[in-house]
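For reference, the chains in residue letters:
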Amino acid sequence: MTNNQESRGLATLVSDLAQQVTTLLQTESRLLRAEMSEKISKAGAGAAEVLAGAICLLAALMVLLQALVIALASAGLGAGWSSLLVGIVVAVLGIILLRSGTKSMAPSELTPDRTQDQLKRDARVIKDQMR
């Protein structure tokens, strides 16, 4: 093989590698967009749970306060103890719903894990091809 043919072969290899890296970056970009869209949808569902939890807390508080007034009038239980019991039950329900919703919105849940893993694998492949 002549020197000209060798340099043309090397140029072709470098050109092919550059084209493959460009294609790879475009594919990874599409994967990142798809994964981020999925993560944003998951965060939206978490936000909906938080909102539903807040609405339930408000509605439950109103109904339970009305029921408390009726129960106090008919049972003769002290108003302070009845209010404490009802408040604890409503607070526990609210905490459960809020924790579930905020867990879905945690930053660790929004990280594009699959894309990061794929980029690491791609970097190793590119390094191997460069050798």
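Residues numbered from 1 in each chain as written. Predicted model: local features only at pLDDT ≥ 70, side-chain atom pairs only at ≥ 80, totals over all residues. Heavy atoms only, no water.

In the nomenclature of an unreviewed UniProt entry, the protein is known as Phage holin family protein of Mesorhizobium escarrei.

Student: Mind laying out the overall build of the protein, listing which residues take part and the relevant values?
Tutor: When helices and strands are counted, the protein shows four helices and zero strands. The linear arrangement of helices and strands in the protein, starting from the amino end, is α-α-α-α. Nonlocal contacts in the protein, meaning residues at least 24 apart in sequence, comprise 86% of its contacts between residues at least 6 apart. Split by element, the accessible area of the protein, about 9600 Å² in all, is 68% carbon and sulfur. (Helix = DSSP H or I, 4+ residues; strand = E, 2+ residues; numbered from the N terminus. Contact = heavy atoms within 4.5 Å. Areas by Shrake-Rupley, 256 points an atom, 1.4 Å probe, with all protein chains shown as cover.)

Student: Kindly report on the environment of Ala45, identifying the contributing residues and their values.
Tutor: With respect to the helices and strands, the residue Ala45 is situated in helix α1 (residues 3-75). Owing to a relative accessible area of 43%, Ala45 belongs among the partly exposed residues under this scheme. The sequence separation of Ala45 and Ser104 amounts to 59 residues, and the corresponding C-alpha distance is 7.6 Å. (Buried < 20%, exposed > 50% of the residue type's maximum accessible area, 1.4 Å probe, protein only.)

Student: Could you give me a rundown of a nonpolar patch on the surface, with the residues and numbers involved?
Tutor: There is a patch of nonpolar side chains on the surface, built from Leu77, Trp81, Leu84, Ile88, Val92 and Ile96 and spanning about 640 Å² of accessible area. Along the chain, the position of Val92 falls in helix α2 (residues 79-104). (Patch = residues over 30% accessible without salt bridge, like charges linked within 9 Å, V, L, I, M, F, W, Y side chains within 5 Å. Salt bridge = Lys/Arg side-chain N within 4 Å of Asp/Glu carboxyl O.)

Student: Can you explain the side chain of Glu35? Please cite residues and give values.
Tutor: Counting through the fold element by element, Glu35 comes out in helix α1. Setting aside its immediate chain neighbours within four residues, Glu35 contacts Thr111, Pro112, Asp113, Arg114 and Thr115.

Student: Let's hear about the environment of Leu61: which residues, and what values?
Tutor: Looking at the secondary structure, you find Leu61 in helix α1. Here the alpha-carbon distance between Leu61 and Val90, two residues 29 residues apart in the chain, equals 6.8 Å.

Student: How would you explain the environment of Cys56 if you had to name every residue and give the values?
Tutor: You can see Cys56 is positioned in helix α1. A relative accessible area of 38% places Cys56 in the partly exposed class. Placed 41 residues apart in sequence, Cys56 and Leu97 show a C-alpha to C-alpha distance of 9.1 Å.

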